[in-house]
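Chain by chain, the residues run as shown.
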Amino acid sequence: MEYFLQQLINGLTLGAIYGLIAIGYTMVYGIVGMINFAHGEVYMIGAFVSLIAFTILGTFAFANPVVAILIVLVAAIVFTAAYGWTVERIAYRPLRGSFRLAPLISAIGVSIFLQNYVHLLQGAKMKPLQPVVTGGFVLAQDGGFAVRITYLQIGIVVATVVLMAAFTLLIQKTSLGRAQRACEQDRKMAALLGVNVDRTISITFVMGAALAAVAGLIFTLYYGAVDFFIGFLAGLKAFTAAVLGGIGSLPGAMLGGVLIGLIEAFWSAHFPIAYKDVAVFAILVIVLIFRPTGLLGRPDVEKV
Amino acid sequence: MSLLTVEHLTIRFGGLVAVDDVGFSAEDGRITAIIGPNGAGKTTVFNCLTGFYKPDVGRMTMRRDGREYLLERMDGFRIAREAGLARTFQNIRLFPRMTALENLLVAQHNELHRASFHSLAGLLGLARYRSAEKMAVERAAAWLDRVGLTHAADDEAGSLPYGDQRRLEIARAMCAGPRVLCLDEPAAGLNPKESADLAALIRDIKAREKIAVLLIEHDMSVVMEISDHIVVLDHGAKIAEGTPDHVRADPAVIAAYLGTAEDAA
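Not measured: the values here are computed from a predicted model.

Caption draft 1: Examining the overall build of chain A more closely. The helix and strand inventory of chain A stands at eleven helices and four strands. A compact globule built from 304 residues should have a C-alpha radius of gyration of about 19 Å, and chain A, at 20 Å, falls within 12% of that. Once the C-alpha set of chain A is aligned to its principal axes, its extents read approximately 65 × 50 × 35 Å. Sorting the 304 residues of chain A into buried and exposed places 47% on the buried side. Summarising the internal contacts of chain A: among those between residues at least 6 apart in sequence, 75% fall at separations of at least 24.

As structure tokens, this is what we get:
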């Protein structure tokens, strides 16, 4: 039981990271109908910006961790959002209206470009970070085994829940969210009603990148080490989470992220850890066989 | 000067001349119908006006608040936002997975967007955004009432009956605050009772909003009843123009619709 609880906590934390990245995939897919394969790399850049910002603050011997995290958060969001915006502007917008595979290929190109760009600038070695947030609670104790939840884990889950609520509200209740949904359903019609479609799409990329930046910051804090390759697998798994939850669906992305986090945590606890990725993707395949639209996705009903 | 002037409009698709040197104008408080047999180029003219196609030749000038807008040089969203053209479609293009009310709110996106500083304020619920949002909802509710869809405000647009969707699309176009309302076959697929209601609605819009209405329609009873001015197209060219009575008696129009003696032989 204690072991179960511990893995639940670990899985939720991991799932929060995947979920935050998955929202970026799902929003962009919703509005332009393409998989932004460079999104994992945008997340990796978010992690690097966080690492660099922490290091700079560290040289000034900045002590208060809460203030430090807030400063890094702003820096990570600003820089990463700028990357997200630029990628859309340079690599996707010129291809809009081209054949469907063109932006996908372009996305893979951007992904490779960003990976190598960071590789060359930062080197291939893992870059470590001193723990910024330490400490936690012991929730339960059973003989030698203590269930621990760290302050960091609490912060991660709380931040994710708050962000999720804010984004759901934004999409459902604000005029920007309505414009995004309108562009999703009929881009040309939205333009005819005076919605600036190009800008709405740009904002969507920026929002996705901002969430990826938060995920990157969380990763940096949680694992304490970053390299240029972290975006690849995390991106792939977040994409899986988006598909699992039903691509295009915001709550689906979060649900998918949490599920994948939990599957990974529990598989690692009870089965050979080397097979954890196999388990994740096997479950994706099984779900897609029985529910091709994902868990919360809406089937596309074709009218005749 | 007219509110909207179209001159020498010509569009070619490959070797086919879809619209050939067509000119007409639209005035405030007038319903101008564009009629003609299938394939005459009516919808193509609308597609040009609203920026879907760029014409090969011609000029479309919109005069609004003392300024002139050349529609052929504007991006699609600016035509709606700045020049003030709104349209509906032959095959209805509502946002099917948004509610009826939301459809009408999207049409007021620009005003809301300005009030919300790109939605940052919307998230924080600032007073200015709140009041703008409230006004937008009131306007949408008023239009829902005028088209008789208040009961369906929170229903998904895609689930509404066909006739309701037609009226909702007109309400949405009106919520965008247009100076020229372009209606593409609004009576298509409606029964006689619904057609009559629609004609009443269009006349009501003309009378109360003082805007120009451009109407493409095959239902001649609707056209003859409500139009002030009729432009007849055939094979992309304008063959007649004038009041309903004038057009009805025009031999070229009769020939286009019924065929000439040689055609029949």
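Following the structure, the description resumes.
Caption draft 2: Spotlight on the sheet that holds strand S10 (residues 237-242) of chain B. Residues and elements named next belong to chain B. The mixed open sheet is built from six strands, whose spatial order is S6-S7-S8-S3-S9-S10. Both outer strands of the open sheet, strand S6 (85-87) and S10, are each paired with one neighbouring strand and no more. Each adjacent strand pair in this sheet contributes to an overall mean axis angle of 20°, direction not counted. The pairing of strand S3 (residues 31-35) with strand S8 (residues 212-216) spans four bridges and is parallel. Across the sheet, residue Ile 31 finds its bridge partner in S8, namely Val 213. Along the sheet face, helix H1 (residues 42-49) touches S3, S6, strand S7 (180-184), S8 and strand S9 (229-234) and points at about 145° away from the line of S7.

Caption draft 3: Looking closely at the interface of chain B and chain A. Contacts between chain B and chain A engage 25 residues on the former and 21 residues on the latter. Of all the secondary structure elements, the ones that give two or more residues to the side of chain B that touches chain A are helix H2 (76-83), helix H3 (100-106), helix H4 (109-115) and helix H5 (120-124) of chain B. Of the residues that constitute the side of chain B that touches chain A, the class distribution is eleven nonpolar, nine polar and five charged.

Caption draft 4: Just the pairing of S7(B), in detail. Residues and elements named next belong to chain B. Of all five residues in S7, five are buried; the element is thus mostly enclosed. Side-chain alternation along S7 places Val 180, Cys 182 and Asp 184 on one buried face and Leu 181 and Leu 183 on a second face that is also buried. Here S6 pairs with S7 via three bridges, running parallel. For Leu 85, the partnering residue across the bridge sits in S7 and is Val 180. Here S7 pairs with S8 via five bridges, running parallel. Its bridge partner lying in S8, Leu 181 is registered against Val 213. For the handedness criterion, the β-α-β arrangement of S7, helix H8 (residues 192-209) and S8 is classed as right-handed.

Caption draft 5: Summary view of the domain arrangement of chain B. Residues and elements named next belong to chain B. Domain parsing of chain B yields domain 1 (1-84 + 179-265) and domain 2 (93-177). Each of domain 1 and domain 2 has a C-alpha centre, and these two points are 27 Å apart. Taken together, the contacts link eleven residues of domain 1 with eleven residues of domain 2. Secondary structure elements with two or more residues in the side of domain 1 that touches domain 2: H2, S7 and H8. Broken down by class, the residue content of the side of domain 1 that touches domain 2 amounts to seven nonpolar, two polar and two charged.

Caption draft 6: Summary view of helix H10 (residues 250-270) of chain A. In a regular helix each residue adds 1.5 Å, so 21 residues correspond to 30 Å; H10(A) covers 31 Å between its end C-alpha atoms and thus fits that length. Within H10(A), 15 of the 21 residues are buried, which leaves the element mostly enclosed by the surrounding structure.

Caption draft 7: Structural detail: unusual backbone geometry. One non-glycine residue with positive phi stands out, namely B:His8, at about 50°. By secondary structure assignment, the location of B:His8 is in strand S1 (residues 4-13).

Caption draft 8: Main features of the environment of A:Pro131. Relative to the helices and strands, A:Pro131 is located in the loop between strand S1 (127-128) and strand S2 (136-142). Each C-alpha atom, one on A:Pro131 and one on A:Phe229, is 21 Å from the other, the two residues being 98 residues apart in sequence.

Caption draft 9: Inspection of the sheet that holds strand S5 (residues 67-70) of chain B at higher detail. Residues and elements named next belong to chain B. Reading across the sheet, the four strands line up as S2-S1-S4-S5 and stay open at both edges, with antiparallel pairing between neighbours. Edge positions in the sheet fall to strand S2 (16-26) and S5, since each has one partner strand and no second. Sheet twist, expressed as the mean angle between neighbouring strand axes with direction ignored, is 25°. Pairing geometry for S1 and S2, over seven bridges, is antiparallel.

Caption draft 10: Focus on the confidence of the model for chain B. Here chain B shows a mean pLDDT of 86. Residues at 70 or above account for 93%. For this predicted complex, the interface confidence comes out at an ipTM of 0.84, alongside a pTM of 0.88.

Caption draft 11: Region of the structure containing helix H1 (residues 2-32) of chain A. Residues and elements named next belong to chain A. Taking 1.5 Å of rise per residue, the 31 residues of H1 would be expected to cover 45 Å, and the 45 Å separating its terminal C-alpha atoms lies within 8% of that figure. Most of H1 sits inside the fold, with 24 of its 31 residues counted as buried. Gly 33 occupies a position one or two residues after H1 and carries a positive phi of about 70°.

Caption draft 12: Structural context of the nonpolar core. By size, the foremost hydrophobic cluster in this structure holds 175 residues, and its most contacted members are A:Ile21, A:Ala190, A:Val195, A:Ala215, B:Leu104, B:Leu181 and B:Val213. Inspection of this core shows a minimum of three residues originating in each of domain 1 (1-84 + 179-265) and domain 2 (93-177) of chain B. Discounting residues that sit within four places of it in the chain, A:Val195 has contacts with A:Ala179, A:Ala182, A:Cys183, A:Ala190, A:Thr200, B:Phe77, B:Val106 and B:His109.

Caption draft 13: Focus on the confidence of the model for chain A. On average, chain A scores 89 in pLDDT, and the residues at 70 or more come to 97%. When mean pLDDT is compared element by element in chain A, helix H8 (residues 197-223) of chain A scores highest at 94, while S2(A) scores lowest at 78.

Caption draft 14: Representation of the packing of helix H6 (residues 175-185) of chain A against H8(A). Residue and element names in this part refer to chain A. With their axes 10 Å apart at the nearest point, H6 and H8 run at an angle of 105° to one another. It follows that H6 is roughly perpendicular to H8 by the angle criterion. Two secondary-structure elements touch here, H6 through Leu 176, Ala 179, Gln 180 and Cys 183 and H8 through Val 197, Thr 200, Ile 201, Ile 203 and Thr 204. Tallied by class, the residues present in the contact of H6 with H8 amount to six nonpolar, three polar and no charged.

Caption draft 15: Seen up close, the packing of H10(A) against helix H11 (residues 276-290) of chain A. Residue and element names in this part refer to chain A. The contact between H10 and H11 brings their axes to 9 Å, and the two run at 140°. Regarding the angle of H10 to H11, the classification is oblique. Where H10 crosses over H11, the two elements pack in a sense that is right-handed. For the pair H10 and H11, contact is made by Ile 260, Ile 263, Glu 264, Trp 267 and Ser 268 and by Lys 276, Ala 279, Val 280 and Ile 283, respectively.

Caption draft 16: How the structure looks around the pairing of strand S3 (residues 145-150) of chain A. Residues and elements named next belong to chain A. Where S2 and S3 come together, six bridges link them in antiparallel fashion. Directly across from Gly 136, in S3, lies its bridge partner Thr 150. Linking two consecutive strands that pair antiparallel, namely S2 and S3, is a turn of two residues; a positive phi of about 60° is found at Gly 143 within it.

Caption draft 17: Seen up close, the environment of B:Val45. All names here are of chain B. Positionally, Val 45 belongs in helix H1. Along the primary structure Val 45 and Gly 58 are separated by 13 residues, whereas in three dimensions their C-alpha atoms are 11 Å apart. Look past the residues within four positions of Val 45 in its chain and what remains in contact with it is Leu 9, Val 19, Val 22 and Ile 34.

Conventions we followed
- Residues numbered from 1 in each chain as written.
- Chains lettered and ligands numbered in written order.
- Predicted model: local features only at pLDDT ≥ 70, side-chain atom pairs only at ≥ 80, totals over all residues.
- Helix = DSSP H or I, 4+ residues; strand = E, 2+ residues; numbered from the N terminus.
- Rg over C-alpha atoms; globule rule 2.2 N^0.38 Å.
- Buried ≥ 20, exposed ≤ 12 C-beta atoms within 10 Å, placed from the backbone.
- Contact = placed C-beta atoms within 7 Å.
- Pairing = 2+ DSSP bridges.
- Axes fitted to C-alpha atoms, helices over the stretch in contact; angles between N-to-C directions.
- Nonpolar A, V, L, I, M, F, W, Y, C, P; charged D, E, K, R; others polar.
- Right-handed = clockwise from strand over helix to strand, strands pointing away.
- Domains from an automatic or database assignment.
- Expected span 1.5 Å × (residues − 1).
- pLDDT = per-residue confidence, 0-100.
- Core = buried A, V, L, I, M, F, W, Y, C linked by C-beta atoms within 7 Å.
- Parallel < 35°, antiparallel > 145°, perpendicular 65-115°, else oblique.
- Left-handed = near helix turned anticlockwise from the far one by under 90°.

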